[in-house]
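What the coordinates show
Next come the chains, spelled out residue by residue.
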Amino acid sequence: MSKFAIVGMSCLFPGADTPDAFWRNLRDGVDSRTEGGPEVFGPAPDPRDADPAHTITCLRGGFVTGFDFDPNGFRLRPEDLARLDRVFHWSLHVSREALRDSGHADRPDLLARTGLVLGDYSFPTPASARISLPLVHEAVLDGVRRSGHRAPAPACLLDPAAVHPADARVSGAPARIAAAALGLGGPRYALDAACSSALYALKLACDHLAAGQADLVLAGGVCAPEPNLIHLSFSDLHAYPDNGVSQPFDARSTGILTGQGAGMVAVRRLADALADGDRIHAVVDGIGLSNDGAGRHLLVPNPAGQRSSYELAYARAGFGPEQVDYLECHATGTPVGDGTEAESVADWFGARGAVPPLGSVKGNLGHLLTVAGLSSLLKVILAMRQGHLPPTIGVEQPLTDGLPLVRAGRAWPDERPGPRRAAVSAFGFGGTNAHVVLSQEATAEVSGPVVPPALDVVGLGAHFGTLDSVAAFERALYDGTDSFQPLPEHRWRGLEDTADGTLARAGLDRAHLPEGGFVDRVDLDPADHRIPPADLRNYNLQHALMSKVADEALRDAGYDRHVPPGRKAPEPRRVAVVVAMEIEPSAHLHLARHGLGDFLRRAYDEAGLSLTGEQRAALATVARDAVHEPIVANEVLSYIGNIMASRISSLWNLTGPSFTVSSDGAGTAEALQIAQLLLLDESVEAVLVGAVDLAASPESLLLRGVHPVAGAGLSFGDGQQGVRIGEGAGAVVVTRPGEGTRPAYARVDSLAVRHSAPVGGVLPEADAPTLAEVPGRRWPPPGSARGMSAIWRRTRAGRRRRTWPNWPRWRGCTPPAVVPSHSAVPRRSSVTRRPRRRWRGCCDRCCACTTVMSPARPAGAGPRRSWPSTSRRPPSMCRTRPGRGCAAVPASAGTRR
């Protein structure tokens, strides 16, 4: 592996807004975790309004308070930046400070080749909640009035004109906005690998540099979720300590304390940093990424996955763990997590010399989730610079005897000859593992850029609108049919019936419902996907949809989930999983239910309407269950971004890196480019690239300000201009050329993603006239999955066709004697469930993605020729597993109004 230099760094942590302040707190053993008050959680609600089914069990954590964002000096208008959510402010701040610390903030030539990879927690924020919750509150009050009871007069609780559209897309927009505001021209996207996100971002930053796709990359993380919801969710998961003690590697500790923050490092190729005379904070020697695969549970770590990350990191570093002077562990304070890490460290490091001194920063800051790896990384960099190991504070009863825990500050162990070296671990829920090896060595090296491989597409999975399979999608393309239909009944959970509400005044009432390519239902076998059937009542449709198409693509590529005799899981395969996605707004329903009693009390008091205590309690109880039924753990997990990818890895026992990516409309292209980088690792045999987009949300239509056009057509066609709503998910399995076990459909020869620069302080969006000027270009519908539908069309068109029955492979199905229409394929049994809303936001189309594809051909096959296309795959080829019961997960699944 090439060496990379960290030339800039910044942080915004609890109790520390600069690296110097952070170091002082570390050296002095300061515990920056505090009890959150009104400045964190808002005004305390009346205890009588609490939801008895869901309570926040812990208000302590690591909180960022007193930070004032300066919106001036960026390339976007200060007034626009100032009204964005704090997740944007924190990302902008640490990105600018890291760039300044690198000394390259004023080099336009380098900025044009600078990227940004941001670990971001795909979870609701305070601003996104202020968009979604008012629509629910309006519907609740309207329902009370319709039932004949007294209620406050109708009123619009949301002003769409006062909302910034980016606040509805908090998974990917922070990276896009920060990169545009700083004038960066390189790769820009956010990823969610849970607690390992920042170190995953660092690994991909190094890969972009190694491939020559950038000359400087900002890599880091931000964690700024809505405080009430994050503490409510982790309370439901029983993650907080029941005895009040949370200390890493302490036998008394029974849980974690979550935290907030942001941090960033600026990374360059070591040779470039030396040539330019940069101040080098540390050198990245090697990084290992892995996934636990089929572990015991998504929240239970697997020591084998952790050991795999160690092995990969030191193989890339070129030296062994015996040369590591200090190990910064992930240890968060959970008995299972800390015990597992202590075991993996003792087994792996102990067998190769000795376990180095170790510690964890969680006792100082709390667990910063997506920023956890960055806080550990900065601690190690600062400790190496100062020649001092700061203490792991608060440990009274070490978890195991003989654990070389640094409990008091001491000098750096410089007995070993050579440069100071250290390692950092981050292990996230869902089984995401990362291990980084650092040193102070700055020896010049000469190495040319590596060339990312072309991608052979060897497996396909699809569910677009009502086209719920590969065969149905191909049939529609062949016949020229579409999947447009009216919005399904109950899709918005009755929000469209709210009288004189925000939706009605925007022309989005029942009389003006949109038409689009809506996903109506997803047929999912709960036993096959290891989900309790009862939990599917409120399961996130994005996860169900992505799991379904991933299954189809992996089986299509020749993989199976056969469990050998005597084993509990399929054989492990080092296959990576990368899914393009955006936050699902229905994640706010958990918060809406939790705060409904307090909202009703305030609404009635402001309207001058009095209710008895019994009436208030009865009203709150009925309203809560109408908005959302009590939440179970699987539903909480289904609204955590990276779990979407990790469930696939766990189900199939895939041990390659697994995470989600968010980049608005460029999500699919970025995911494919990341797949190329992951395949630079020879140990990765394939990458499952997926994208899911459920774009038909009322929040999206409100913020877009236009009503979607009905019927099929081109968004920029003459007389057809306008937005069309499309939903769905797609997946492809890609390998290096010629390495698939099945013949390839097509080959992705090259990829390019370019982003618009601000014009007059504003990011431009694509518009119909611009698109119309591109001759012969057909653009897919908006959203992160639109690129996947385009890949699908081109892939199917590029594959060499053969006449039935001489198909080279149609997986696992016996050719039928009669080929009926697709509708004749028998459906599996379904479970009828209540409808629920399933909305999400659309993207700002301020990027251009180019994918060059060709039919996959063997090397030396001669000049490319056109492929015959007179025959096609019979549409009725069924890839489902007959004889199994399944649960239908309708797009409108969940709560009743």
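The text that follows walks through the structure, step by step, so that each part is easy to find. (Residues numbered from 1 in each chain as written. Predicted model: local features only at pLDDT ≥ 70, side-chain atom pairs only at ≥ 80, totals over all residues. Heavy atoms only, no water.)

1. Observations concerning the overall build of the protein chain
Along the protein chain, the regular secondary structure elements total 26 helices and 25 strands. Taking all 897 residues of the protein chain together, 63% fall into the buried category. A separation of at least 24 residues holds for 83% of the contacts in the protein chain among residues at least 6 apart in sequence. A total accessible area of about 31500 Å² is found for the protein chain, and carbon and sulfur atoms account for 52% of it. (Helix = DSSP H or I, 4+ residues; strand = E, 2+ residues; numbered from the N terminus. Buried < 20%, exposed > 50% of the residue type's maximum accessible area, 1.4 Å probe, protein only. Contact = heavy atoms within 4.5 Å. Areas by Shrake-Rupley, 256 points an atom, 1.4 Å probe, with all protein chains shown as cover.)

2. Concerning the nonpolar core
Nonpolar side chains in soluble globular proteins generally cluster together in the buried interior. F22, V265, L438, L600, F659 and V687 are the most contacted members of the largest nonpolar core, which has 118 residues in total. When residues in this core are grouped by element, the largest group, 10 residues, is from helix 8 (residues 197–210). For V265, the contacting residues outside a window of four places in its chain are I6, G8, M9, L202, V217, L218, A219, L374, L377 and L378. One finds F69, L116, A190 and L763 within the second-largest nonpolar core, a separate group that totals 44 residues. (Core = buried A, V, L, I, M, F, W, Y, C linked by side-chain atoms within 4.5 Å.)

3. Comments concerning empty space enclosed by the protein
This structure, assessed with the given rule, holds 14 cavities of 30 Å³ or more. Estimates place the volume of the largest cavity at around 80 Å³. Of all the secondary-structure elements, those providing two or more residues to the lining of the largest cavity are helix 9 (227–236), helix 18 (589–594) and helix 21 (633–638). In terms of residue class, the lining of the largest cavity is made up of seven nonpolar, four polar and one charged. (1 Å grid on protein atoms, 1.4 Å probe; cavity = no way out; pocket = protein on both sides within 12 Å on 5 of 7 lines; lining within 4 Å. Points joined across faces, edges and corners; volume = space filled by probe spheres on them. Nonpolar A, V, L, I, M, F, W, Y, C, P; charged D, E, K, R; others polar.)

4. Digging into helix 20 (residues 613–627)
The end-to-end C-alpha separation of helix 20 is 21 Å, in line with the 21 Å expected for 15 residues at 1.5 Å each. For helix 20, the full list of buried residues reads R616, L619, A620, A623, R624 and V627. Each buried residue of helix 20 sits inside an arc of 130 degrees when the element is viewed along its axis, so together they form one side. Among the exposed residues of helix 20, those oriented more than 90 degrees off its buried face are E614 and V622. In this fold, the buried residues of helix 20 make contact with helix 6 (126–146), helix 18 and helix 19 (596–606). (Expected span 1.5 Å × (residues − 1). Arc of directions from axis to C-beta.)

5. Focus on the pairing of strand 1 (residues 4–12)
A regular strand places its side chains so that they alternate between the two faces of the sheet. Counted residue by residue, strand 1 has nine buried out of nine residues, so it is predominantly covered. Bridge analysis of strand 1 against strand 7 (residues 261–269) gives eight bridges, and the strand direction is antiparallel. Looking at strand 7, one finds that G8 is bridged to A266. (Pairing = 2+ DSSP bridges.)

6. Notes on the side chain of S344
Inspection of the secondary structure assignment puts S344 in helix 12 (residues 335–350). Look at S344 and you get buried, because its relative accessible area is 0%. A polar contact is formed between the side chain of S344 and the side chain of Q306, at a distance of 2.7 Å. A polar side-chain atom of S344 sits 3.0 Å from the main-chain carbonyl oxygen of E341. Sequence-distant contacts of S344, that is, excluding residues within four places in its chain, are made with P303, Q306, R307, Y310 and F349. (Polar contact = N/O pair within 3.5 Å; in protein donor to acceptor, adjacent residues only side chain to side chain.)

7. What to know about the pattern of salt bridges
Scanning the model with the defined rule gives 48 salt bridges in all. Note that R510 and D497 form a salt bridge whose closest N and O atoms lie 2.7 Å from each other. Note that R510 is positioned in the loop between helix 16 (502–505) and strand 17 (515–517) and D497 in the loop between strand 16 (485–486) and helix 16, a separation of 13 residues in sequence. Classification of R510 as partly exposed rests on a relative accessible area of 35%. You can call D497 partly exposed: its relative accessible area is 23%. One connected set of salt bridges, linked through shared partners, spans R107, D109, R268, D276 and D278. (Salt bridge = Lys/Arg side-chain N within 4 Å of Asp/Glu carboxyl O.)

8. Considering unusual backbone geometry
At A194, a position not held by glycine, the phi torsion is positive, near 55 degrees. Note on placement: A194 falls in the loop between strand 5 (188–192) and helix 8. Residue A194 is classed as buried on the basis of its relative accessible area, which comes to 2%. A positive phi is found at N653, a non-glycine position, where the angle reads about 60 degrees. Among the structural elements, N653 can be located in the loop between helix 22 (643–652) and strand 20 (658–662). Judged by relative accessible area, N653 falls into the buried class, the value being 7%.

9. Quick notes on the pairing of strand 4 (residues 114–120)
By the criterion of burial, strand 4 is predominantly enclosed, with seven of the seven residues buried. With burial as the criterion, each face of strand 4 is covered, one bearing T114, L116, L118 and D120 and the other bearing G115, V117 and G119. In the sheet, strand 4 pairs with strand 6 (residues 216–223) via seven bridges, with the strands oriented parallel. The partner of G115 across the bridge, within strand 6, is V217.

10. Remarks on the packing of aromatic side chains
In this structure the tally under the stated criterion is 15 aromatic pairs. Look at Y200 and F659: their rings are 5.6 Å apart centre to centre, the planes differ by 75 degrees, and that puts the pair in the edge-to-face class. Residue Y200 is located in helix 8, and its partner F659 is located in strand 20; the two are separated by 459 residues in the primary sequence. On the basis of relative accessible area, Y200 is assigned to the buried category, the value being 0%. Note on Y310 and F427: the rings are 6.4 Å apart at their centroids and 65 degrees apart in plane angle, and the pair reads as edge-to-face. (Phe/Tyr/Trp six-rings, centres within 6.5 Å; stacked < 30°, edge-to-face > 60°.)

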